[in-house]
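# A structural walkthrough
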Amino acid sequence: MWFPLFVNLKNKKVLVIGGGKVAFKKISKIMEYEADIRVIAENIPEEKLLELKNLKIENNRKIENNKDEIEKLVEEYFLVIAATDNEELNENIAEICDSKGILVNNVSSKTKMNSMFGGIVKNDEFQIAISTSGKNCKRSRAMKSEIQKVLDRIEK
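Residues numbered from 1 in each chain as written. Predicted model: local features only at pLDDT ≥ 70, side-chain atom pairs only at ≥ 80, totals over all residues. Heavy atoms only, no water.

### A closer look at the packing of aromatic side chains
According to the stated counting rule, one finds zero aromatic pairs in the structure shown. The ring of Phe78 is capped by Lys12, whose NZ or CZ atom sits 5.5 Å from the centre of that ring. A cation sits over an aromatic face here: Lys13 above Tyr77, 5.6 Å from the ring centre. (Phe/Tyr/Trp six-rings, centres within 6.5 Å; stacked < 30°, edge-to-face > 60°. Lys NZ or Arg CZ within 6 Å of the ring centre and 35° of its normal.)

### A short note on the sheet that holds strand E4 (residues 79-82)
A sheet is described by the order of its strands in space; here five strands give the open sequence E3-E2-E1-E4-E5, paired in parallel fashion. Whereas interior strands pair on both sides, the edge strands pair on one side only; in this sheet they are strand E3 (55-58) and strand E5 (103-106). Each strand of the sheet is rotated relative to its neighbour by a mean of 15°, with strand direction disregarded. Bridge count between strand E1 (residues 13-17) and E4: four bridges; the pairing is parallel. By the bridge assignment for E4, Val16 is matched with Ile81. Of the strands in this sheet, E1, strand E2 (36-40), E3, E4 and E5 touch helix H1 (residues 21-31), which is tilted by about 170° from E2. (Pairing = 2+ DSSP bridges. Helix = DSSP H or I, 4+ residues; strand = E, 2+ residues; numbered from the N terminus. Axes fitted to C-alpha atoms, helices over the stretch in contact; angles between N-to-C directions. Contact = heavy atoms within 4.5 Å.)

### Section: the domain arrangement of the protein
As assigned here, the protein comprises domain 1 (13-106) and domain 2 (119-155). Each of domain 1 and domain 2 was reduced to a C-alpha centroid, and the two centroids are 26 Å apart. (Domains from an automatic or database assignment.)

### Quick notes on a negative patch on the surface
On the surface, Asp124, Glu125, Asp152 and Glu155 cluster together into a patch of negative charge. Topologically, Asp124 is positioned in the loop between strand E6 (119-122) and strand E7 (127-130). (Patch = residues over 30% accessible without salt bridge, like charges linked within 9 Å, V, L, I, M, F, W, Y side chains within 5 Å. Areas by Shrake-Rupley, 256 points an atom, 1.4 Å probe, with all protein chains shown as cover. Salt bridge = Lys/Arg side-chain N within 4 Å of Asp/Glu carboxyl O. Lys, Arg positive; Asp, Glu negative; His and termini not counted. Charge placed at Lys NZ, Arg CZ, Asp CG, Glu CD.)

### Overview of a nonpolar patch on the surface
Nonpolar side chains collect at one region of the surface, where Phe3, Leu5 and Val7 lie side by side and expose about 350 Å² of accessible area between them. By the secondary structure assignment, Phe3 is in the segment before E1. Residue Phe3 is classed as exposed on the basis of its relative accessible area, which comes to 69%. (Buried < 20%, exposed > 50% of the residue type's maximum accessible area, 1.4 Å probe, protein only.)

### Concerning the pairing of E6
Residues Gly119 and Val121 of E6 are buried on one face, while the alternating residues Ile120 and Lys122, pointing to the opposite face, are not. As paired strands, E6 and E7 are joined by four bridges and run antiparallel to one another. Residue pairing for E7: Val121 is matched across the bridge by Ile128. Linking E6 back to E7 in an antiparallel pair, the connection comprises four residues.

### Observations concerning the packing of helix H3 (residues 67-74) against helix H4 (residues 87-99)
With their axes 10 Å apart at the nearest point, H3 and H4 run at an angle of 60° to one another. With respect to each other, H3 and H4 are oriented oblique. As H3 packs across H4, the resulting crossing turns out to be right-handed. For the pair H3 and H4, contact is made by Lys67, Ile70, Glu71 and Val74 and by Leu89, Asn92, Ile93, Ile96 and Cys97, respectively. Here the residues of the contact of H3 with H4 sort into six nonpolar, one polar and two charged. (Parallel < 35°, antiparallel > 145°, perpendicular 65-115°, else oblique. Left-handed = near helix turned anticlockwise from the far one by under 90°. Nonpolar A, V, L, I, M, F, W, Y, C, P; charged D, E, K, R; others polar.)

### Details of the pattern of salt bridges
Once their charged atoms are close, side chains differing in charge can pair, the charge on each being opposite to the other. In this structure the tally under the stated criterion is eleven salt bridges. Note that Glu34 is salt-bridged to Lys10, the shortest N-O span being 3.6 Å. Of the two residues, Glu34 is situated in the loop between H1 and E2 and Lys10 in the segment before E1; the sequence distance between them amounts to 24 residues. Glu34 gets classed as partly exposed once you look at its relative accessible area, which sits at 46%. Measuring nitrogen to oxygen at the nearest pair gives 3.1 Å for the salt bridge that ties Glu146 to Lys149. In this pair, Glu146 and Lys149 are both assigned in helix H5 (residues 137-155), three residues apart and thus about one turn of the helix distant. A relative accessible area of 44% means that Lys149 is categorised as partly exposed. Each of the salt bridges in this network shares a partner with another, and the network as a whole consists of Arg38, Glu58 and Arg61.

And the structure:
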């Protein structure tokens, strides 16, 4: 069971390792919360990611699956998102971050991380996060849709 928590990301240092579709989705979710986001990727297949403003992007940088290198890379960050296409690398990043007290989201696991993104529904007054703890994304999306309908009715 995961504890729901709202966190102020304004000016917090966030590192995203990876440049694919999932990395783009995660970045898109947190950008509006004014985090200081840096992306490191060996390559960026998701072209839309390159179009985003206010990101620091290091393209063509290969992250070795090396404990010392990963420790140095993540040490100054509040939140790290391990979004490479290498499951073992993501898991090692998650383990290192967790051992150092750094929030980490591992996109290739439902359990090997210490922070999870919930589905977000919001309007000008409310922000509601929904999670099935990674167990059923389809039901989570259905719940999001229903809650959005309620918020839309309340707003009128």
